[in-house]
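# Geometric and topological summary
Here is how the chains run, residue by residue.
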Amino acid sequence: YKENMGSEAVKGFKNYLNGNTASGYFNGLFNEYIKCLENLYRDGIVSDADARTIRNGKNNRIVLKQGGKIAQKDAGMFASCSEAYELLLRADTLLTDEALTGMNLKSYIRPNYVCDTAATRIELERSLDKVETKLGTVQKGQRIINRGDIVDKNAYRTLETYFDELQKTERN
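Residues numbered from 1 in each chain as written. Predicted model: local features only at pLDDT ≥ 70, side-chain atom pairs only at ≥ 80, totals over all residues. Heavy atoms only, no water.

## Concerning the overall build of the protein
Per the secondary structure count, the protein includes seven helices and four strands. In the protein, the order of α-helices and β-strands from amino to carboxyl end is α-α-β-α-β-β-β-α-α-α-α. When contacts within the protein are restricted to residue pairs at least 6 apart in sequence, long-range pairs at least 24 apart make up 68% of them. Counting every atom, the protein has about 12,500 Å² of accessible surface; 48% of that belongs to carbon and sulfur. (Helix = DSSP H or I, 4+ residues; strand = E, 2+ residues; numbered from the N terminus. Contact = heavy atoms within 4.5 Å. Areas by Shrake-Rupley, 256 points an atom, 1.4 Å probe, with all protein chains shown as cover.)

Here it is, written out as structure tokens:
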């Protein structure tokens, strides 16, 4: 996550617009564009390639690591650079295509989130390591079930775990 990316882009855009308001051309028209750009950066902009990676994933939630904190975000909130550009073009309909082209809007759109597949894989492995796979535990000499007892779900899981562990021990 590139924290200052959005504020720098909005500041640059405002500076550009303020430099062009002397002619009165942009007077009062750019507020919707600024608001749109701020919203895009707040929600998150990713590269087109990262957007494809995110959308091809099976999860609709993305795990974010920002500074040492881990958070989750809806994958649909992110816009690719191309999508952000299209949304910015349509932020207001008062300006002509010629005026919008002259504003060079693409130069104010940069990814402020980066998909780190290596870090994602490491976090996934850490999470999987924390998952307890055993459903029941059996101490040496412990009686699991007595003759004539009805096998309930818990006893059945404990027996399954015992047999799985027994098979692993026999293989080694």
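So that's the structure; there's more coming.
## Considerations on the pairing of strand E2 (residues 61-66)
Sheet analysis places E2 next to strand E3 (residues 69-74), joined by six bridges and oriented antiparallel. Counted as the bridge partner of Arg-61 is Asp-74 from E3. Linkage of E2 to E3, two consecutive antiparallel strands, is achieved through a turn of two residues, within which Gly-67 is found at a positive phi near 70°. (Pairing = 2+ DSSP bridges.)

## Remarks on the environment of Met-77
Within the fold, Met-77 resides in the loop between E3 and strand E4 (79-80). When its relative accessible area of 36% is taken as the criterion, Met-77 is described as partly exposed. Among residues more than four places away in sequence, those in contact with Met-77 are Asp-43 and Gly-44. (Buried < 20%, exposed > 50% of the residue type's maximum accessible area, 1.4 Å probe, protein only.)

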